Structure formats: C-alpha cells, structure tokens
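Chain by chain, the residues:
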Amino acid sequence: MLSWLISIALVLGGCALAAWGMRIFRRRSRAAAVRIKGHAPNRKAIDVAVRLTCDAVAPGGLRPGRDYRGVGHMVIAGSRFALATDQGRVLEISEALPGQVRAPGPRMLIVEGSHPSGRARVRVELVVDEEQAWAAEIEALM
C-alpha cells in the first residue's frame, strides 16, 4: 500500500513540476516577444488580464470569431507599443501601424490595431492599472 501512495505522490509531484515549468516558460516567452531592440521600455505591464479577438486568421493560431483569454505582457518602448500573449506578439501600434485606444472604465483599456503580420485587425480588452496614462501614451504614438 505504501508503494502505491509513493507512486501517486511522485506522479502528482511530476505533473505539478511540469505545470510550473511551462508557466515559467510562457512568461519568459511573452517577455521576449515584447522586447524591442535598441529601446529601453518607457512603460511596461506584466501579467495583465487579456481578452483578444481578431477578424481574420493570423499567426499564433488566431482564428476569427473566437475569444482568447489569458495573460499578457505589454510595453511601450521608443515610439512603439507591443502586446504579447501565449499566441506570441499579437498587437503592435506605432506611427506606421496606427490603431485606436480608449479607457471606458476603471482599470479597463481597449486597444484596436493591426497584428504585426498585417494579416488581421485585433481588438484587445485589458485590465490594467493607470488605464488613463496608458491610453494617453499609446495615443501619443500615433
């Protein structure tokens, strides 16, 4: 009986360790996706709640008509805004890739713009602190 309990504990511990490792991997992947070469971040937010929709098929497995929920990293560096989720870099706003931004309520930010591939328009709803400051800085980039 003891060997069964030890076996079950080892399997559950291994699963928990694998889940923890994947969580760390995804977090580092999101951080790498928003890194903009040659520019230090002016403003960044880590692990913000994200709800994403797009209007066409885009890289990263994005399909139209589906809601993607999860966490994301966002950064403003130089003259660009970038947002990455587990699907990779999903939104980029700059002078060359304009978008729309609004803060309709407390801690809520809605950003619409182009996927970095240019294949789809993306709408992102974010839960972030200082939403008015984020909206003003993103608006200034366009």
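Residues numbered from 1 in each chain as written. Predicted model: local features only at pLDDT ≥ 70, side-chain atom pairs only at ≥ 80, totals over all residues. Heavy atoms only, no water.

Digging into the overall build of the protein chain
Now for step 1: Counting its secondary structure elements, the protein chain contains two helices and seven strands.
Now for step 2: When the helices and strands of the protein chain are read in sequence order from the N terminus, they spell out α-β-β-β-β-β-β-β-α.
Now for step 3: Taking 142 residues into account, the globule formula puts the C-alpha radius of gyration at 14 Å, and the protein chain, at 18 Å, lies well above it.
Now for step 4: In the protein chain, which comprises 142 residues, the share counted as buried stands at 36%.
Now for step 5: Sequence separation of 24 or more characterises 55% of the internal contacts of the protein chain that already satisfy a separation of 6 or more.
Now for step 6: Here the protein chain contributes 20 positive and 13 negative side-chain charges, whose respective centroids are spaced 9 Å apart. (Helix = DSSP H or I, 4+ residues; strand = E, 2+ residues; numbered from the N terminus. Rg over C-alpha atoms; globule rule 2.2 N^0.38 Å. Buried < 20%, exposed > 50% of the residue type's maximum accessible area, 1.4 Å probe, protein only. Contact = heavy atoms within 4.5 Å. Lys, Arg positive; Asp, Glu negative; His and termini not counted. Charge placed at Lys NZ, Arg CZ, Asp CG, Glu CD.)

Considerations on the environment of Ile-138
Now for step 1: Here Ile-138 is to be found in helix 2 (residues 131-141).
Now for step 2: Considered as a pair, Ile-138 and Phe-81 are 57 residues apart in the sequence and their alpha carbons are 6.7 Å apart.

Observations concerning the pairing of strand 7 (residues 121-127)
Now for step 1: Here strand 1 (residues 41-54) pairs with strand 7 via six bridges, running antiparallel. Bridging across to strand 7, Cys-54 finds its partner in Val-122.
Now for step 2: Two elements, strand 6 (residues 108-114) and strand 7, share seven bridges in a ladder whose sense is antiparallel. Bridging across to strand 7, Glu-112 finds its partner in Arg-123.
Now for step 3: Two successive antiparallel strands, strand 6 and strand 7, enclose a turn made up of six residues, where Gly-118 displays a positive phi of approximately 80 degrees. (Pairing = 2+ DSSP bridges.)

Thoughts on the side chain of Thr-85
Now for step 1: With respect to the helices, strands and loops of the structure, Thr-85 is situated in strand 3 (residues 80-85).
Now for step 2: Judged by relative accessible area, which is 8%, Thr-85 ranks as buried.
Now for step 3: Among the polar contacts made by the side chain of Thr-85, one reaches the side chain of Gln-87 at a distance of 2.8 Å. (Polar contact = N/O pair within 3.5 Å; in protein donor to acceptor, adjacent residues only side chain to side chain.)

Some points on the packing of aromatic side chains
Now for step 1: This model, assessed by the stated rule, comprises one aromatic pair.
Now for step 2: The positively charged end of Arg-43 is found above the aromatic ring belonging to Trp-134, 5.2 Å away from the centroid. (Phe/Tyr/Trp six-rings, centres within 6.5 Å; stacked < 30°, edge-to-face > 60°. Lys NZ or Arg CZ within 6 Å of the ring centre and 35° of its normal.)

Some details on the pattern of salt bridges
Now for step 1: Going through the model one piece at a time under the given rule, you end up with ten salt bridges.
Now for step 2: Here Arg-102 makes a salt bridge to Glu-112, at a shortest N to O gap of 3.3 Å. Of this pair, Arg-102 sits in strand 5 (residues 100-105) while Glu-112 sits in strand 6, placing them ten residues apart in sequence.
Now for step 3: Close ionic contact of Glu-125 with Arg-123 constitutes a salt bridge, the shortest N to O distance being 2.4 Å. (Salt bridge = Lys/Arg side-chain N within 4 Å of Asp/Glu carboxyl O.)

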